[in-house]
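# Structure at a glance
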Amino acid sequence: MEALAVRLSGLDPYVDGALRIVAFYDTLMRRRVDLPALARASAGLAECVTGVGLHGTGRTIRVAPDGREAAGPAGPASGTVPVVLDDEEIGTVWLERSGPAGPLDEVLLERLALAVAGAVERYGPARTTMADPALVELVISAETDEAARARALRLLGFAAGPPVLVAAVRSPRLPLDRVGGVVCPGRPVKAARIGGVGVILASAVDRTRFPAGVRAGIGAADGPDLAWREARTALRLTTEREPVLGHAELGALALLAEVPREVLRGNPDVVALLGVAGDPGAPEEGARETLDTLEAYCAAGSLRRAADVLHLHHSSVARRVDLIGRALSVDLTTPAGLTRARVALTAWRLLSD
């Protein structure tokens with residue numbers, strides 16, 4: 001490579017410089033340098049602050065041209081390139097050049113990104129979030145024997161110890177690997193799509209960090225197969241107001257998930273609610289208003305608190321609740337009536353899945 005660079009230097013200075021950069025990073029990769037060493041070498045070569053950031057771990061390295069950690073807040077990037085491993089974007093590399101980008105900056109950043117991906121793959125467990133669906137299915141399947149399950153967990157990077165949490169996720173817009181990286185900032189975390197539903201396996205999940213528009217159910221049983229069953233049940237009972245639910249929060253309502261659909265649909269209270277709220281898959285605008293009122297009232301337990309949630313006057317909510325109660329033939333102002341409405345509403349949600 002160095003000999004070729006010398007031969008081409010008289011023909012095209014840009015090609016000469018690019019080949020020397022390629023040779024520079026080839027040497028670093030042969031020496032198996034780690035991320036800090038890559039950042040230091042790149043900063044010296046670029047003669048400006050160079051940064052390396054990994055999405056999953058939140059780790060960021062910024063090095064000045066003298067090889068020391070860059071002081072102060074990060075400046076505007078004059079050039080960035082994503083770091084890709086196993087077809088997943090796991091991080092970014094960038095230059096903070098005070099002036100315009102140099103003619104060889106793009107080549108430097110591309111080679112740095114390749115070197116960073118190699119270093120991440122080499123040192124420690126794999127940092128990619130997306131996993132082989134077959135391995136994930138082995139972990140969560142009720143038909144897997146314990147030896148095979150333990151082996152699959154080891155291959156996915158989970159050590160023996162605390163139970164693995166399982167989350168069932170619906171994310172129509174955000175890629176599943178991004179969701180996993182956000183809610184599980186500490187590794188390991190693995191994700192896959194199975195049967196149209198996202199599966200996230202993690203040692204810990206920060207439920208407060210699920211992005212808007214994502215719905216998730218979380219299971220925490222000792223066995224991943226039981227946790228997956230719990231997670232799916234919790235996912236089925238999520239709503240716009242409660243997009244993330246842990247199975248433990250459901251209590252006795254989780255028992256309704258064990259009831260056959262035809263039994264749920266044949267219950268008189270559920271039949272009445274279907275008549276008021278409409279088809280669970282796509283209720284009409286008026287039915288949606290009715291459903292929102294009933295959900296808010298059941299969750300709040302009082303007219304005034306429901307009015308606060310709905311941003312309506314309590315008298316307006318009272319009229320709506322009265323109309324709903326008449327349609328259901330249930331007195332929603334009594335404890336028994338409220339319980340029946342909650343159970344019917346839970347069944348309505350399960351029928352929408």
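Just above, that's the structure.
Given the structure is predicted, the values throughout are model-derived calculations rather than measurements.

It is worth spelling out the packing of aromatic side chains at this point. One pass over the structure, following the stated rule, counts one aromatic pair. Pairing Phe24 with Tyr25 gives two aromatic rings, centres 5.2 Å apart and planes at 85 degrees, and the pair type is edge-to-face. Owing to a relative accessible area of 27%, Phe24 belongs among the partly exposed residues under this scheme. Residue Tyr25 is classed as buried on the basis of its relative accessible area of 0%.

Quick look at the pattern of salt bridges now. A complete count under the given rule lists twelve salt bridges for this structure. Glu89 is paired through a salt bridge with Arg178; the nearest N and O atoms lie 3.9 Å apart. Here Arg178 lies in helix α7 (residues 176-183) and Glu89 lies in strand β4 (residues 88-96), a separation of 89 residues in the sequence. Glu89 gets classed as partly exposed once you look at its relative accessible area, which sits at 31%.

Turning our attention to the packing of helix α5 (residues 133-140) against helix α6 (residues 146-155). How two helices pack is summed up by the angle between their axes together with the distance between the axes. In the contact formed by α5 and α6, the axes pass within 8 Å of each other and the chain directions differ by 135 degrees. Here α5 lies oblique to α6, going by the angle between them. Helix-helix and strand crossings are classified by hand; for α5 and α6 the assignment is left-handed. Across the interface between the two elements, Leu135, Leu138, Val139 and Ile140 from α5 touch Arg149, Ala152, Leu153 and Leu155 from α6. Considering only residue class, the contact of α5 with α6 consists of seven nonpolar, no polar and one charged.

So, on to the environment of Ser352. Relative to the elements of secondary structure, Ser352 occurs in the segment after α14 (335-351). The sequence separation of Ser352 and Leu237 amounts to 115 residues, and the corresponding C-alpha distance is 9.4 Å.

Before going further, it helps to spend a moment on the pairing of strand β3 (residues 79-85). Pairing of β3 with β4, which is carried by seven bridges, proceeds in the antiparallel orientation. Looking at the pairing, Val81 lines up with Val93 of β4. Where β3 folds back onto β4 in an antiparallel hairpin, the turn is made up of two residues, including Asp86, whose phi is positive at roughly 55 degrees.

Moving on to the sheet that holds β4. Read across the sheet, four strands follow the order β2-β1-β4-β3 without closing on themselves; strand pairing throughout is antiparallel. Sheet topology places β2 (60-63) and β3 at the edges, where each strand pairs with a single neighbour. Within the sheet, the average angular offset between the axes of one strand and its neighbour, ignoring direction, is 15 degrees. Strand contacts of helix α4 (residues 105-122): β1 (49-54), β3 and β4, with the helix running at about 30 degrees to β3, the strand carrying the most contacts.

Ranked by internal contacts, the top residues of the largest apolar core, which has 36 residues, are Leu273, Leu294 and Leu332. Counting residues per element, this core draws most heavily on α14, at eight residues. Beyond its immediate sequence surroundings of up to four residues, Leu294 is in contact with Leu273, Ile324, Leu332, Ala341 and Leu345. In terms of nonpolar packing, the next biggest core, distinct from the first, is built from 32 residues, Ala18, Leu28, Val63 and Leu95 among them.

Quick look at the environment of Arg151 now. Residue position: Arg151 is located in helix α6. Judged by its relative accessible area of 44%, Arg151 falls in the partly exposed class. In this structure, the C-alpha to C-alpha distance between Arg151 and Val139, residues twelve residues apart in sequence, is 8.9 Å.

Parameters and conventions
- By convention here, each chain's residues receive numbers from 1 onward along its written sequence.
- pLDDT decides what is reported in this predicted model: residues at 70 or higher carry local features, side-chain atom pairs at 80 or more are listed and counted, and totals for whole chains, interfaces and linings draw on all residues regardless.
- As a rule here, side-chain values come from all non-hydrogen atoms in the structure, and water together with hydrogens is ignored.
- Only Phe, Tyr and Trp rings take part, Trp by its six-membered ring, and two of them pair if their centres are within 6.5 Å. Stacked means planes under 30 degrees apart, edge-to-face means over 60, and tilted covers everything else.
- Relative accessibility decides the category of a residue: with a 1.4 Å probe and only protein chains considered, values under 20% of the type maximum give buried, values over 50% give exposed, and everything between is partly exposed.
- By definition here, a salt bridge exists when the distance from a side-chain nitrogen of Lys or Arg to a carboxyl oxygen of Asp or Glu is within 4 Å.
- Only runs of H or I of at least four residues qualify as helices and only runs of E of at least two qualify as strands under DSSP, and these elements are numbered from the N terminus.
- Here, axes are lines fitted to C-alpha atoms. For helices the fit covers the stretch in contact, and angles between N-to-C directions go from 0 to 180 degrees.
- Note that the term roughly parallel is reserved for angles under 35 degrees, roughly antiparallel for angles over 145, roughly perpendicular for angles of 65 to 115, and oblique for everything else.
- Note on convention: the crossing is left-handed when the near helix lies turned anticlockwise from the far helix by less than a right angle, right-handed when the turn is clockwise.
- Two residues qualify as a contact provided that any one of their heavy atoms is within 4.5 Å of a heavy atom in the partner residue.
- Just so you know the grouping, Ala, Val, Leu, Ile, Met, Phe, Trp, Tyr, Cys and Pro go in nonpolar, Asp, Glu, Lys and Arg go in charged, and all remaining residues, Gly too, go in polar.
- Strand pairing follows a simple DSSP-based rule, namely that at least 2 bridges must link the two strands.
- Within this scheme, the nonpolar core is defined by two criteria: the residues are buried Ala, Val, Leu, Ile, Met, Phe, Trp, Tyr or Cys, and they are joined through side-chain atoms within 4.5 Å.

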